[in-house]
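Each chain, letter by letter, is given below.
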Amino acid sequence: MNVFQKCLRRHMGNGRYFEYVELCRESMVKNNLPKLASESKPIFNEMYEQLKGENQAGIAERMRDLVDTLTVAFRITRYFVFVILAYILANIVLLGLDLNYYVTCVSILLLGIAFIYKLIEFLSNKFCVLDAYLFMIYKSVLEKKAKEI
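The structure reproduced in this document is the subject of the present report. Treat the numbers as computed from the prediction; the structure is a model and nothing was measured. Per chain, residues are indexed from 1 in the order of the written sequence. Whole-chain, interface and lining totals are the exception, using all residues; otherwise, since this is a predicted model, local features are given only for residues with pLDDT of at least 70 and side-chain atom pairs are given and counted only at 80 or more. Note: side-chain values were computed over all heavy atoms of the structure, leaving out hydrogens and water.

A word on the overall build of the protein. What the protein contains, in helices and strands, is 8 helices and 0 strands. What counts as a helix is a DSSP run of H or I of at least four residues, what counts as a strand is a run of E of at least two, and both are numbered from the N terminus. What you see in the protein, going N to C, is helices and strands ordered as α-α-α-α-α-α-α-α. Using C-alpha atoms as the atom set, the radius of gyration is obtained and then compared with a globule rule of 2.2 Å times the number of residues to the power 0.38. For 149 residues, the compact-globule estimate of 2.2 N^0.38 gives 15 Å, and the C-alpha radius of gyration of the protein, at 21 Å, exceeds that figure by more than 25%. When each of the 149 residues of the protein is scored for burial, the buried share is 34%. In this description, contact between two residues means that some pair of their heavy atoms is separated by no more than 4.5 Å. Taking the contacts inside the protein whose residues are at least 6 apart along the sequence as the reference set, 80% of them involve residues at least 24 apart. Mean positive and mean negative side-chain charge positions of the protein (19 and 15 charges, respectively) differ by 4 Å. For every residue, the accessible area (1.4 Å probe, protein chains only) is compared with the maximum for its type, and the residue is labelled buried under 20%, exposed over 50%, or partly exposed between those bounds. Only four residue types enter the tally: Lys and Arg on the positive side, Asp and Glu on the negative side; His and the chain ends are excluded. A single reference atom marks each charge: NZ on Lys, CZ on Arg, CG on Asp, CD on Glu.

Following this line, the structure appears as structure tokens:
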């Protein structure tokens, strides 16, 4: 699960999140990308209605959570190069230490598992078009709501 999806599910609940994802998928299938912005109005209105009872402190807390989520998403993307370099360097060091064959194999296997985890995390956050789209709609709803209060 990418960080945008985690944030949206935490704020809206699983049911509403999946409704919004399904609406976005339908819009993307029947419309091209430039028309997608005009199709987001029902989602925007629904999210706005959901936040109608929120006070200023609640909106501010949600905005802080959005900023933290964006920071995490950028950090995952930015530091992935360092993850690759650390993985390659660790494998070279393990091979250069001339340890027991089985110890070396288990160590490389564990490094590979950790690298695959980080790779999946990177790819799921890099290519989450629907979640990023919903995240931006939600961000604009919160901004509008914050201006009104």
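The next point concerns the packing of aromatic side chains. The relation between two aromatic rings is expressed through the spacing of the ring centres and the mutual angle of the planes. The pairing test for Phe, Tyr and Trp rings, Trp by its six-membered ring, is centres within 6.5 Å, and the orientation test on the planes gives stacked under 30 degrees, edge-to-face over 60, and tilted for anything in between. Scanning the entire structure with this criterion turns up 7 aromatic pairs. For the ring pair Tyr17 and Phe18, a centre distance of 5.2 Å and an interplane angle of 70° mean the geometry is edge-to-face. Taking relative accessible area as the criterion, Tyr17 reaches 3% and is therefore assigned buried. On the basis of relative accessible area, Phe18 is assigned to the partly exposed category, the value being 42%. Each residue in the set Phe80, Tyr87, Phe115 and Phe122 is aromatic and connected to the rest through ring pairs, giving one cluster. Here the basic side chain of Lys145 rests over the ring of Tyr48, its NZ or CZ set 5.3 Å away from the ring centre. Here, over-ring charges are defined by two tests on the NZ atom of lysine or the CZ atom of arginine: distance to the ring centre within 6 Å, and angle to the ring normal within 35 degrees.

Relative to the elements of secondary structure, Phe74 occurs in helix 5 (residues 56-78). Separated by 43 residues in the primary sequence, Phe74 and Tyr117 have C-alpha atoms spaced 17 Å apart.

To continue, consider the pattern of salt bridges. Here a salt bridge means any side-chain nitrogen of Lys or Arg lying within 4 Å of a carboxyl oxygen belonging to Asp or Glu. If you walk through the whole model with that rule in mind, you get 6 salt bridges. Here Glu49 ties to Lys52 by a salt bridge, and the two come within 3.5 Å at their closest N and O atoms. Between Glu143 and Lys139 there is a salt bridge whose closest N-O contact spans 2.5 Å. You can see Glu143 and its partner Lys139 sitting in helix 8 (residues 129-148), 4 residues apart, about one turn around the helix. What makes Lys139 partly exposed here is its relative accessible area of 24%.

On to the nonpolar core, then. Only buried residues count toward a nonpolar core, which is a set of Ala, Val, Leu, Ile, Met, Phe, Trp, Tyr and Cys residues joined through side-chain atoms within 4.5 Å. Leu8, Ile43, Met47, Leu134, Ile137, Tyr138 and Val141 are the most contacted members of the largest nonpolar core, which has 27 residues in total. Only helix 1 (3-12), helix 2 (14-30), helix 4 (41-50), helix 5 and helix 8 provide two or more residues apiece to this core. Sorting elements by how many residues they give to this core places helix 8 first, with 8 residues. Residue contacts for Tyr138: discarding those within four places in its chain leaves Leu8, His11, Met47, Leu51, Arg62 and Leu66.

Structurally, Thr104 is set in helix 7 (residues 101-126). Excluding anything up to four places from it in sequence, Thr104 contacts Leu94, Leu95 and Leu99.

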